[in-house]
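# Remarks on the overall topology
Next come the chains, spelled out residue by residue.
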Amino acid sequence: MTDEAPPRPIQRATQRPGTFTKPQHWTNDPVPAPAPPKDEEDPEGLSPTRYGDFTRKGIAWDF
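Residues numbered from 1 in each chain as written. Predicted model: local features only at pLDDT ≥ 70, side-chain atom pairs only at ≥ 80, totals over all residues. Heavy atoms only, no water.

## A look at the overall build of the protein
- Helix and strand counts for the protein come out as 1 helix and 2 strands.
- Listing every helix and strand of the protein by position from the N terminus yields α-β-β.
- Taken across its 63 residues, the protein has 2% of its residues classed as buried.
- For the protein, the exposed area adds up to about 7300 Å²; of that, 54% sits on carbon and sulfur atoms. (Helix = DSSP H or I, 4+ residues; strand = E, 2+ residues; numbered from the N terminus. Buried < 20%, exposed > 50% of the residue type's maximum accessible area, 1.4 Å probe, protein only. Areas by Shrake-Rupley, 256 points an atom, 1.4 Å probe, with all protein chains shown as cover.)

Below is the structure:
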């Protein structure tokens, strides 16, 4: 074993360089709130996306 010092962490930039220009599509607007989920009834029973499998005529299978 050697008495080497542990490697120093990489210095990371905390600010953009002065030559940086942001793209036109960037905005400072806040992110919109997500729409509330729609609670629709499944005509054939339980939703497979909620419970993880399909059920038809008493037989369940994964999708």
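Following the structure, the description resumes.
## Quick word on the packing of aromatic side chains
- Counted under the stated rule, the structure contains 1 aromatic pair.
- When the centroid spacing of 5.9 Å and the interplanar angle of 40° are considered together, the rings of Phe20 and Trp26 count as tilted.
- Of the residues examined, Phe20 reaches a relative accessible area of 36% and is grouped as partly exposed.
- Judged by its relative accessible area of 37%, Trp26 falls in the partly exposed class. (Phe/Tyr/Trp six-rings, centres within 6.5 Å; stacked < 30°, edge-to-face > 60°.)

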